[in-house]
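Fold and geometry: a report
The chain contents come next:
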Amino acid sequence: MASKIKVLIVDDSVVYRELLRKGLNEVPGIEVVATAIDPYDARDKLLKYRPDVMVCDIEMPKMNGLTFLRKVLPQYPIPTIVISSLDNAAFEAMEAGAVDFVGKCASDKKRNQEEFVMQVAEKVKIAKDSKVLARKTRTTEVVSGINKGKIGATKVELIALGASTGGTEALASVIAKLPNNIPGIVIVQHIPPMFSTMFAQRINRSTDFEVMEATTGDEVRRGRILIAPGDKQMRVVRKNGKLVVEVKEGPKVSGHCPSVDVLFQSVAETVGSKAVGVIMTGMGADGAKGLLAMRQNGAQTIGQDEESCVVYGMPKEAYKMGAVQKQASLMNIPRSILEML
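Note that the structure is predicted; figures quoted are calculated from it, not measured.

In this section: helix α2 (residues 39–49). Of all the positions in α2, only Pro 39, Asp 41, Ala 42 and Leu 46 are classed as buried. Seen end-on, α2 carries its buried residues on one side only, within an arc spanning 145°. Structurally, α2 contributes buried residues whose contacts are with β1 (5–10), β2 (30–36), β3 (53–57) and α3 (65–72). The backbone nitrogen of Tyr 40 has a side-chain oxygen 3.0 Å away, supplied by the residue at the start of α2, namely Asp 38.

Here is the structure:
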């Protein structure tokens, strides 16, 4: 019988502590071994109870969650899920080393609270098998001496990227090392609604690309990055001779909306051999079949390697089925993309 995942909950709100303690303890395979009212309390209980996963609020007295993560994770690299209001603190927590985040439940309705607890439970199960990677300051330098201003004519029309757990930081790292005159980029990152808007804005501010949350009709073009909204499916189509995206509500595919498989399959059908596909860190198999379709239609494909993934799930499944033409570390994915151009 598999042992239960031991969880520490850190939150100054007694309401949220009890909601999560009671809710998570009802989930098979999870046991809340302790709760903490602030980071100082949490530090002592990390040492005493040795939990497998920590669930941590960001806004707390005495020391906020971000400062706590920056101090504790280098010394005690425990997979951490942060609970965040709708602001950039979630992405700052990811930079600090958190594995994933969940938007804070702002409703006292039982159904909304139950959905919130189940989201946290799902993230906890994924976090148990994830890696806490050392965070390095991102740089806009291109790796291995590739010159940023020398991407000229290329047959490639589009670069498609897909990621899940650990993906916000991984994607930001890759984008920061790419020149902004390369073919248009389309991205599916598994992310909650509204946070996808903030993610696009964050990347837009930190790079020379034009980065947008995608809407139907947006053109895929050089220097532009289109990110799928957190609750819609995104496809690439050709309209009046131009590549554009269609963004529509739809059912989950491969367990997700947006789905990497949906995006990659559309790229395979619409762009064929004139595309590059990259599958990155994440749990499950979303994107593996789509990447295989891309490769079978002549596209060049890259899979992130196991060592640099927070969760080696999606790239592993793609590699196993022969969808990955080349494996590369997170640091070397930008170079691999540029070589394929």
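Having seen the structure, we can now continue with the description.
Here we take up the pairing of strand β11 (residues 242–248). Note: strand β10 (residues 233–239) against β11, seven bridges, orientation antiparallel. Paired with Val 236 across the two strands is Val 245, which belongs to β11. With antiparallel pairing between neighbouring strands as the criterion, β10 and β11 make up a hairpin whose turn holds two residues, including Asn 240 at a positive phi of roughly 55°.

Between α3 and helix α4 (residues 89–96), whose axes approach to 9 Å, the crossing angle comes to 5°. By the criterion of interaxial angle, the relationship of α3 to α4 is roughly parallel. Of α4, the residues touching α3 (which contributes Leu 66, Leu 69 and Arg 70) are Ala 89, Glu 92, Ala 93 and Ala 96. Its residues assigned to classes, the contact of α3 with α4 shows five nonpolar, no polar and two charged.

Reading the values: rules and limits
Residues numbered from 1 in each chain as written. Predicted model: local features only at pLDDT ≥ 70, side-chain atom pairs only at ≥ 80, totals over all residues. Heavy atoms only, no water. Buried < 20%, exposed > 50% of the residue type's maximum accessible area, 1.4 Å probe, protein only. Helix = DSSP H or I, 4+ residues; strand = E, 2+ residues; numbered from the N terminus. Arc of directions from axis to C-beta. Contact = heavy atoms within 4.5 Å. Polar contact = N/O pair within 3.5 Å; in protein donor to acceptor, adjacent residues only side chain to side chain. Pairing = 2+ DSSP bridges. Axes fitted to C-alpha atoms, helices over the stretch in contact; angles between N-to-C directions. Parallel < 35°, antiparallel > 145°, perpendicular 65-115°, else oblique. Nonpolar A, V, L, I, M, F, W, Y, C, P; charged D, E, K, R; others polar.

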